[in-house]
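Letter by letter, the chains look like this.
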Amino acid sequence: MKLLTEWAVTSGVLILIVLAARCLLKGRLSARLKYALWGVVLLRLLVPFQVELPAPVSDALPVLASNLAPEVGQWEEPSIPVFPERSKPVAEFNLDIETTLEPGDILSYSDVVGCLRREGETITWYRYILSPEQIVLALWLVGTGLAGAVMLAANLRFYGRLRKRRERLEGVDAPIPVYTAVGLPSPCLAGVLRPAVYVTPGAAEDETALRHILAHELTHYAHKDHLWSLLRCLALALHWYNPLVWLAVGLSKQDGELACDEGAVARLGEGERVPYGRTLVDMVAARSPRPRDLLSCSTAMTGGKKSIQQRVSALVKKPETVKTALFAVIAVVALSAVFVFAEREEAVRNLYGPYRYQVSHTQAVQFSPSLLSSQLYPDAITDPDLLEKALEILDSAADLLNTPEELGLDLSEAPFTSPRVTLLENLDDSTSGHTYLLYTVRAVNRDLCLLVTPAEMGAESYRVAGILDVSAPVGLELLARQQRYREREDLTLATGNVGLSFLDLTPGKEQVKEQTFIVQEALADISYSLTYESPVLTLDFGLRTADGTEVVCRTAYGGVANGTFEGVPAGAYQIFVRNMGDLNDYTQFPTYQPESGRDNATGAVNFRIIEVKNQNGSFKPGLQTEPERVHPVTGN
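Residues numbered from 1 in each chain as written. Predicted model: local features only at pLDDT ≥ 70, side-chain atom pairs only at ≥ 80, totals over all residues. Heavy atoms only, no water.

1. What to know about the overall build of the chain
Looking only at helices and strands, one finds 18 helices and 25 strands in the chain. Residues classed as buried in the chain amount to 44% of the 636 residues present. Once local pairs closer than 6 in sequence are excluded, the contacts in the chain between residues at least 24 apart make up 71%. Carbon together with sulfur atoms contributes 57% to the accessible area of the chain, which is approximately 32400 Å² in total. (Helix = DSSP H or I, 4+ residues; strand = E, 2+ residues; numbered from the N terminus. Buried < 20%, exposed > 50% of the residue type's maximum accessible area, 1.4 Å probe, protein only. Contact = heavy atoms within 4.5 Å. Areas by Shrake-Rupley, 256 points an atom, 1.4 Å probe, with all protein chains shown as cover.)

2. A closer look at the packing of aromatic side chains
Counted under the stated rule, the structure contains eight aromatic pairs. The interplanar angle of 50 degrees and the centroid separation of 6.4 Å between the aromatic rings of F541 and F565 together place this pair among those described as tilted. With a gap of 24 residues between them, F541 in strand β19 (residues 538-544) and F565 in strand β21 (residues 560-581) connect regions that are remote in the sequence. Residue classification places F541 among the buried positions, given a relative accessible area of 1%. Plain terms: the ring middles of F565 and F607 are 5.9 Å apart, the flat faces sit at 15 degrees to each other, and that makes the pair stacked. Of the two residues, F565 sits in strand β21 while F607 sits in strand β22 (residues 601-614), which places them 42 residues apart along the sequence. (Phe/Tyr/Trp six-rings, centres within 6.5 Å; stacked < 30°, edge-to-face > 60°.)

3. Structural notes on the nonpolar core
Counting 28 residues, the largest nonpolar core has I526, F541, L543 and F607 as its most contacted members. Elements supplying a minimum of two residues to this core: β17 (498-505), β18 (509-532), β19, β20 (550-557), β21 and β22. Of all the elements, β18 adds the most residues to this core, at seven residues. Apart from residues no more than four positions distant in its own chain, L543 is found in contact with F517, I526, T549, E550, V551, V552, F565, Y573, Q574, I575, F576 and F607. (Core = buried A, V, L, I, M, F, W, Y, C linked by side-chain atoms within 4.5 Å.)

4. Regarding the sheet that holds strand β7 (residues 178-181)
Taken together, four strands build an open sheet; the order of strands is β6-β7-β9-β8 and the sheet is mixed. One side of each edge strand has no neighbouring strand; the edge strands of this open sheet are β6 (166-168) and β8 (188-190). Across the sheet, the axes of successive neighbouring strands diverge by a mean angle of 35 degrees, strand direction being ignored. Running at roughly 145 degrees to strand β9 (residues 196-199), helix α7 (residues 207-222) makes contact with β7, β8 and β9 of the sheet. (Pairing = 2+ DSSP bridges. Axes fitted to C-alpha atoms, helices over the stretch in contact; angles between N-to-C directions.)

5. As for the confidence of the model for the chain
Put simply, the chain has an average pLDDT of 76, and 72% of its residues get 70 or more. Contacts of residues 345-353 to residues separated by more than four positions or lying in other chains number 15 contacts, the stretch itself having pLDDT below 50. In this model residues 622-636 is a low-confidence stretch, pLDDT under 50, and it forms 38 contacts with partners more than four residues away in sequence or in other chains. (pLDDT = per-residue confidence, 0-100.)

6. What to know about the pattern of salt bridges
Applying the stated criterion across every chain, the model contains 11 salt bridges. Across the pair R22 and D255 runs a salt bridge, and its minimum N-O distance is 3.1 Å. Taken as a pair, R22 in helix α1 (residues 2-24) and D255 in helix α9 (residues 243-268) lie far apart in primary sequence, 233 residues in all. Taking the shortest distance from any N to any O, the salt bridge between E272 and R211 comes out at 3.6 Å. Here R211 lies in helix α7 and E272 lies in the loop between α9 and α10 (273-282), a separation of 61 residues in the sequence. By relative accessible area, which is 18% here, E272 ends up buried. Residue R211 is classed as partly exposed on the basis of its relative accessible area, which comes to 37%. (Salt bridge = Lys/Arg side-chain N within 4 Å of Asp/Glu carboxyl O.)

7. Observations regarding the packing of α7 against α9
Their axes nearest at 8 Å, the elements α7 and α9 cross at an angle of 120 degrees. The angle between α7 and α9 places the two elements in the oblique class. With respect to the hand of their crossing, α7 and α9 are arranged in right-handed fashion. Note on element contacts: α9 touches α7 through G256, E257, C260, D261, G263, A264, R267 and L268, opposite R211, H212, A215, H216, L218, T219, H220 and A222. For the contact of α7 with α9, a count of residues per class yields six nonpolar, six polar and four charged. (Parallel < 35°, antiparallel > 145°, perpendicular 65-115°, else oblique. Left-handed = near helix turned anticlockwise from the far one by under 90°. Nonpolar A, V, L, I, M, F, W, Y, C, P; charged D, E, K, R; others polar.)

8. A few points about α9
An ideal rise of 1.5 Å per residue puts 38 Å on 26 residues; α9 measures up with 38 Å between its terminal C-alpha atoms. Capping of α9 at its N-terminal end is provided by N242; its side-chain oxygen lies 3.0 Å from the backbone amide nitrogen of L244. (Expected span 1.5 Å × (residues − 1). Polar contact = N/O pair within 3.5 Å; in protein donor to acceptor, adjacent residues only side chain to side chain.)

9. Thoughts on the side chain of Q574
Note that Q574 resides in strand β21. Setting aside anything within four residues of it in sequence, one finds Q574 in contact with V512, K513, E514, T516, G542, L543, R544, T545 and A546.

10. Concerning the environment of A91
Along the chain, the position of A91 falls in the loop between β2 (80-89) and α4 (97-100). On the basis of relative accessibility, which here comes to 78%, the residue A91 falls in the exposed class. The spatial distance from the C-alpha of A91 to the C-alpha of T122 is 8.5 Å, given a sequence separation of 31 residues.

Structural data, given as structure tokens:
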């Protein structure tokens with residue numbers, strides 16, 4: 001995609017430069033020199049590649065045309081589902097779709113094949129999930145194929161009619177065959193492999209007109225315009241979407257006819273300049289040129305009245321290139337070639353994008369566990385402290401750029417068994433990032449985590465962009481988990497609640513939120529909601545005063561607890577959560593590992609005052625809180 005956008009932008013820039021040069025040097029350039037300028041444009045239209053300049057040279061240039069191309073790295077993310085297979089109501093789905101997918105959201109279950117999309121209260125399976133890049137490339141290829149087919153059909157049809165109607169004109173001194181053909185709107189040079197001149201029967205009977213026509217068409221042949229016309233059609237097929245290319249092709253055909261007029265007069269002699277102009281006027285085509293004429297590989301000696309007037313005017317003025325204009329054209333061509341064809345060395349060195357640049361421009365990090373995992377982290381890491389830690393982990397990657405084959409790796413199962421991390425450059429656009437696999441391999445003395453890119457393409461296109469510490473996936477997952485519960489806490493605070501999130505709280509430890517909320521009246525009913533991972537754990541939670549006195553306390557197990565503390569007396573309180581661990585005794589088993597972390601608790605608890613009671617009765621109050629200070633973790 002990067003190559004296609006750079007090709008389109010640099011081609012358009014070069015066309016604008018040539019148009020500006022033609023306008024500024026109007027009247028001071030010969031027709032043949034103006035026609036030659038389009039040769040540089042044609043080269044750009046047919047050659048998509050940039051020429052890498054050494055860093056010292058490219059750094060000295062303030063800007064290159066390739067720098068004007070928009071960044072399209074975010075287009076690499078698969079986000080467009082195609083080919084729906086079947087649908088199922090949300091209520092019948094065996095996953096917690098209500099919290100995983102919002103209406104319109106997409107959940108991919110492979111990096112290149114398949115996804116689920118929620119559409120209202122229905123989940124639809126799609127066979128493929130494509131990226132915007134793949135869609136655009138497919139449209140370009142289809143457009144190029146259709147344009148090429150139309151051009152081929154139009155030229156074969158025209159050439160077939162000529163072959164049926166033509167008759168060889170004898171007694172003509174010419175290096176290629178000359179034919180007469182009934183119904184021709186204009187004399188022309190047609191044929192690529194076997195070019196020939198075709199004239200109307202009326203022109204063949206007029207000796208002067210025939211001489212002028214042959215001089216013109218043989219000049220086309222000497223200029224190889226039958227081949228240039230073929231290359232112009234090819235460029236038009238490749239750039240069918242670009243109106244500037246259509247304009248350039250039309251103007252180049254026009255300049256080609258003017259250049260042939262100059263060449264024909266040179267063949268005939270200066271004495272034939274005026275009679276040649278009369279021949280052009282006498283042979284004005286019955287119809288004006290049409291846009292579809294640009295699809296033809298043949299030449300046309302005459303067009304509409306306006307075209308003939310311009311050409312006769314040019315014959316009368318007899319423009320010649322002055323030295324200053326010639327120098328200006330050479331300078332423009334040289335500078336344009338460098339500006340348009342060159343590319344900075346750094347941009348070419350890594351076709352998959354500079355990883356360090358991506359990390360430095362990342363505004364959020366999305367962590368996705370292995371597709372085989374039951375865990376989901378829909379919230380990207382955006383909290384400033386957590387994001388800083390995530391970027392430190394990612395920025396610590398040691399540089400490496402190898403194919404899996406060079407490292408002896410088989411990544412066929414990697415998209416399913418490896419977690420992924422996406423570096424998002426835009427918080428409002430989930431497709432604005434670059435995705436990498438975190439693939440763990442066993443080295444000689446230790447395990448290593450390879451940063452593999454790009455995860456969206458086939459396995460044959462994988463590259464190993466860097467090496468991370470083997471703990472990197474665990475660290476990123478912990479940060480994603482903490483982000484998830486911090487967002488829940490922020491949400492409850494915004495709606496008048498007070499919450500506490502906890503991450504990897506070990507058995508026997510507790511976490512306390514020092515931000516207090518105040519019950520001003522005599523008694524209050526306070527609702528609570530607790531969710532945490534590892535349902536086998538038992539947690540104590542509740543409210544206590546600053547001196548540690550527990551005013552209310554509940555014990556939760558199973559991963560969730562909801563209810564109400566009734567009649568909490570007036571005062572200032574803190575939330576606490578204590579991990580009691582897994583009350584089942586596993587120490588009798590040989591495989592028991594107390595340091596495995598399986599008994600650590602991660603989750604969030606939220607409290608909300610729903611009703612207070614005083615001497616005047618019951619009412620629903622506003623919530624008052626003291627400023628946030630710290631989130632300590634203390635022992636018993």
